[in-house]
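The chain contents come next:
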Amino acid sequence: MEIVFRLIPLLILLGTGVMGAIVVLNNITAPGANLAFVEHIMTMDTTNMDEGTQWREIRSPILHRVAFASILVLEVAVTVLALVGSYFLVANLGAPTDAWEAAKLFGYLGFMAALVVWFLIIQVVGAEWFVSWQSEGWNAIRDSTRINLITVAGIILLRLA
């Protein structure tokens with residue numbers, strides 16, 4: 001029965017790594033869509049244009065590309081850490097408790113990197129700082145919330161496993 005409870009967080013971590021790989025692939029092979037997303041959020045051109053927040057807008061195409069590239073690097077980190085973490089968990093699936101606990105490190109790091117991307121960057125910076133929550137078409141609150149809830153569940157279940 002213990003192995004079943006070890007498999008659950010492993011599957012969430014593996015899913016995080018595979019999702020990260022798909023996101024990275026999409027951002028490398030078709031960067032236009034997500035670069036446009038970054039541009040609209042940073043320029044705040046689809047928000048309510050309130051003077052109290054509009055001073056935060058960033059209209060520099062160079063800074064948009066730097067932000068996009070930085071997010072891409074972090075998404076690569078999510079992917080690598082989650083897949084390496086999945087490997088270590090698989091390798092120690094039936095191992096004694098001490099080895100299993102040691103094998104969790106990269107899993108925690110992968111989940112932490114996912115929170116940096118989809119919570120800190122997308123929700124805190126994008127939705128709150130750049131008030132993209134006001135935009136009907138250029139906000140990722142629903143998708144990032146879904147990812148963050150799964151990530152937090154993965155952290156809790158990995159800790160309990």
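Being a predicted model, the structure only gives us computed values, none of them experimental.

Visitor: Explain the overall build of the chain to me, using residue names and the numbers behind them.
Guide: Looking only at helices and strands, the chain has seven helices and zero strands in total. Along the chain, from the amino end to the carboxyl end, the secondary structure elements read α-α-α-α-α-α-α. Dimensions of the chain, computed from C-alpha atoms along their principal axes, come out at roughly 60 × 30 × 20 Å. At a minimum sequence separation of 6, the contacts of the chain that also span at least 24 residues come to 76%. Per element, the accessible surface of the chain, about 8800 Å² overall, is 72% carbon and sulfur. Side chains of the chain give 8 positive and 12 negative charges; the mean places of these two sets differ by 6 Å.

Visitor: Kindly report on the packing of aromatic side chains, identifying the contributing residues and their values.
Guide: Evaluation of the coordinates by the stated rule reveals four aromatic pairs. Plain terms: the ring middles of Phe37 and Trp138 are 5.7 Å apart, the flat faces sit at 65° to each other, and that makes the pair edge-to-face. Here Trp138 lies in the loop between helix 6 (105-129) and helix 7 (141-160) and Phe37 lies in helix 2 (residues 31-43), a separation of 101 residues in the sequence. A ring pair is formed by Tyr87 and Phe88, whose centres lie 5.5 Å apart and whose planes are at 65°; its orientation type is edge-to-face. Taking relative accessible area as the criterion, Phe88 reaches 32% and is therefore assigned partly exposed.

Visitor: Can you break down the side chain of Ser86 residue by residue, with the values?
Guide: Along the chain, Ser86 turns up in helix 4 (residues 61-91). Setting aside chain neighbours within four positions, we find Ser86 in contact with Leu10, Leu13 and Leu14.

Visitor: An account of the side chain of Thr79 is requested, with residue identities and associated values reported.
Guide: Among the structural elements, Thr79 can be located in helix 4. Overall, the relative accessible area of 10% leaves Thr79 in the buried class.

Visitor: I'd love a proper account of the pattern of salt bridges, names of residues and values included.
Guide: What the rule picks out here adds up to six salt bridges. Of the charged contacts, one joins Arg6 and Glu2 as a salt bridge, the two residues approaching to 2.7 Å between their closest N and O atoms. Note that Arg6 and Glu2 are positioned in helix 1 (residues 2-29) at a spacing of four residues, about one turn of the helix. Of the charged contacts in the structure, one is a salt bridge between Lys104 and Glu101, with a shortest N-O distance of 2.9 Å. Its relative accessible area of 0% is what places Lys104 among the buried residues.

The rules behind the values
Residues numbered from 1 in each chain as written. Predicted model: local features only at pLDDT ≥ 70, side-chain atom pairs only at ≥ 80, totals over all residues. Heavy atoms only, no water. Helix = DSSP H or I, 4+ residues; strand = E, 2+ residues; numbered from the N terminus. Contact = heavy atoms within 4.5 Å. Areas by Shrake-Rupley, 256 points an atom, 1.4 Å probe, with all protein chains shown as cover. Lys, Arg positive; Asp, Glu negative; His and termini not counted. Charge placed at Lys NZ, Arg CZ, Asp CG, Glu CD. Phe/Tyr/Trp six-rings, centres within 6.5 Å; stacked < 30°, edge-to-face > 60°. Buried < 20%, exposed > 50% of the residue type's maximum accessible area, 1.4 Å probe, protein only. Salt bridge = Lys/Arg side-chain N within 4 Å of Asp/Glu carboxyl O.

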